[in-house]
Amino acid sequence: MGNVKLKTKFVGLIALILLVALAANVLWTSANKRAQMESELVEQGRALSHQMDAVWEFMVSNQSRLEKVAFTEDGIYQGLHCAIAGRSIGNLFSTQTEYTTRFVNFNPRNVNDEPDEWEAAALTVFGSDPAVKEYYGFEEFNGEPMFRYSAPMTIEENCLQCHGEPAGELDVTGMPKEGWTLGDIGGAISIAMPLDVYNANAHASIVQDVLFFVMLMAVCLVAVYWGLTYLVMRPLRHIQTNVEQMQAGNLEVHMGQTQTSREMNTLMTQFSSMAGELRDTYATLERQVADRTALLENRTCELAAANETLKRQQQQLEEANRLLQNENEYKSEFLSMVSHELRTPLTSIVAFVKILNRDCAPASDEERQTRQEIEHSSRILLTMIEDILEMSRVDAGRTDMAVELVDIGDMVGMVQGMVQPLADHNGVDFTIEVAPDVPLVSIDFDKMRHVVENLCGNAVKFTPRGGRVTLGVSWDAAADEVQIRVSDTGIGIAPVDQQRIFEKFVQVDAGASRHYNGTGLGLALAREYTEMHGGSIAVESELGCGSVFTVRFPRDCSKGDESHG
């Protein structure tokens, strides 16, 4: 479309608009013609039905006069009855015209008055609603399109002598009476009117409209084409010529006024003004280039001196970085040594408390509580020291993966043995749910146990008494991953803190007034170990409503171990 000329697009657009208008006009005219034709046919149907009804009423009103001479000497009725006269007149009218007129009824005395499907529908409507006085529509009749009109025939006083009560009694013609009463529907007048003339007139009117629109379209397209060529395309070609000169380097162009339109004159004036501004800008740029060239030479010398200064500063930073790295190594070695030396007596304390509880029952509740506090506090300190020791190893890069085939159930059982005493001490319900389809996995047993144990310990620690902590393990076969979920009903984590908690030495309640102790390394280690397995750890939490930590890692973590190494 970008290569099509503007006037061609405009002419095509105008042609499309006119074609749409033509189609709309044809549809509108067709609808109006059909509505007008239907109105005229309804009026004709009404007039014909009134004429036929008038003939019927005339025969009925004079029936008593005709009956006096209608019987033979033997008493046989041979007169002109109203039904015979109405049917005969209708047949005569149908023979002499293209119209078809009938008197129909359900269970008629004459088989020729049996209604067809359309007439039966009309009789049904008249019988169900006496207020309906006509029924019409476009319908096929004897294989030809026709307009069909029907009006009800109501039983009047003169009709009762032949069609009234009692039902079954023979009337003057020897036919049994129907038992109708005054106001009943005794049948219907059915008129079928041909549509040939109306269709021909409608077709001729549509053809005339189409021809008119075609002529109008041709005139409009010629006018639009000429107007675009003279008023738009000629000035645009002039502008294009001047643009080509400017592209060739000639900025001394000036465009005069045209006789086309005010808009084109304004465009050319602005174009000439733009050309003048370009000339001034070009001259200014040349001066600025000369000035900037001299300035650049000066700046080059300054940059060379600054570069020497940066080199000296870089050497100083490298020396400072080396010193910091040495200090960091000293710190890690010191933490590792201190943690190791502290872990040994704490482990002994926990072991001696277990032996003491096993071999010697406490003498009082106070002594039992004291033993529990000793064991509980020792375990907390032992966990903190192990976190510090592990983090110092991670920072020093001395942590390796020992991948082996592991049964998750064994690992969860060991975690339960470590966390259950803490849960009992805090009055928290701790439950474990392991799906039966969880397969054996290739992981570092100690590191993944540390992750799960840390999550469960945190959940128990931050869950108030009477709360609930659940450790669930499931298998995602589609992703070939194991999923470990630790959910609690604890204090929850605010959205702003849900990313910070995985950083080192960060606790949400850090400060002088915090209620929960700890180093802030547990979740940082959990994330490090999970990522070493090629997995991920995430948290979902709402403040005051608890938290859900989810750990996902592949069944075979040996690939993750290789990429980590």
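Before reading on, note that the structure itself is shown above.
Residues numbered from 1 in each chain as written. Predicted model: local features only at pLDDT ≥ 70, side-chain atom pairs only at ≥ 80, totals over all residues. Heavy atoms only, no water.

Caption draft 1: Broad picture of the overall build of the protein chain. Within the protein chain, the regular secondary structure consists of 12 helices and 11 strands. Classification of the 565 residues of the protein chain by burial places 35% in the buried group. Here the analysis covers contacts within the protein chain between residues at least 6 apart in sequence; of these, 67% occur between residues at least 24 apart. Here the protein chain has roughly 33900 Å² of accessible surface; of this, 56% comes from carbon and sulfur atoms. (Helix = DSSP H or I, 4+ residues; strand = E, 2+ residues; numbered from the N terminus. Buried < 20%, exposed > 50% of the residue type's maximum accessible area, 1.4 Å probe, protein only. Contact = heavy atoms within 4.5 Å. Areas by Shrake-Rupley, 256 points an atom, 1.4 Å probe, with all protein chains shown as cover.)

Caption draft 2: Spatial organisation of the packing of helix α9 (residues 408–426) against helix α10 (residues 445–461). The geometry of α9 relative to α10 is characterised by a closest axis approach of 9 Å and an angle of 20 degrees between their N-to-C directions. As the angle between them shows, α9 and α10 are arranged roughly parallel. Considering the relative orientation of α9 and α10, their crossing is right-handed. The residues of α10 that touch α9, namely those facing Met411, Met414, Val415, Met418, Val419, Leu422, Ala423 and Asn426, are Phe445, Met448, Arg449, Val452, Glu453, Cys456, Gly457, Val460 and Lys461. Tallied by class, the residues present in the contact of α9 with α10 amount to 12 nonpolar, two polar and three charged. (Axes fitted to C-alpha atoms, helices over the stretch in contact; angles between N-to-C directions. Parallel < 35°, antiparallel > 145°, perpendicular 65-115°, else oblique. Left-handed = near helix turned anticlockwise from the far one by under 90°. Nonpolar A, V, L, I, M, F, W, Y, C, P; charged D, E, K, R; others polar.)

Caption draft 3: Structural detail: the sheet that holds strand β2 (residues 135–141). Taking strand neighbours across the sheet as the criterion, the four strands line up as β1-β4-β3-β2 in an open arrangement whose pairing is antiparallel. With one partner strand each, in any of the chains shown, β1 (100–104) and β2 form the two edges of the open sheet. Direction aside, neighbouring strands of the sheet carry axes that sit 25 degrees apart on average. (Pairing = 2+ DSSP bridges.)

Caption draft 4: Quick peek at helix α4 (residues 117–128). For α4, built from 12 residues, the straight-helix expectation of 16 Å at 1.5 Å per residue is met to within 8% by its first-to-last C-alpha distance of 17 Å. By the burial criterion, the buried members of α4 are Trp118, Glu119, Ala120, Ala122, Leu123 and Phe126. Of the surrounding elements, those touching the buried residues of α4 are β1, β2, β3 (144–154) and β4 (185–194). In this structure aspartate 116 caps α4, since a side-chain oxygen of it lies 3.3 Å from the backbone nitrogen of tryptophan 118. (Expected span 1.5 Å × (residues − 1). Polar contact = N/O pair within 3.5 Å; in protein donor to acceptor, adjacent residues only side chain to side chain.)

Caption draft 5: Geometry of the environment of isoleucine 380. Within the element layout of this structure, isoleucine 380 appears in helix α8 (residues 365–396). Separated by 42 residues in sequence, isoleucine 380 and leucine 422 have C-alpha atoms that sit 9.2 Å apart.

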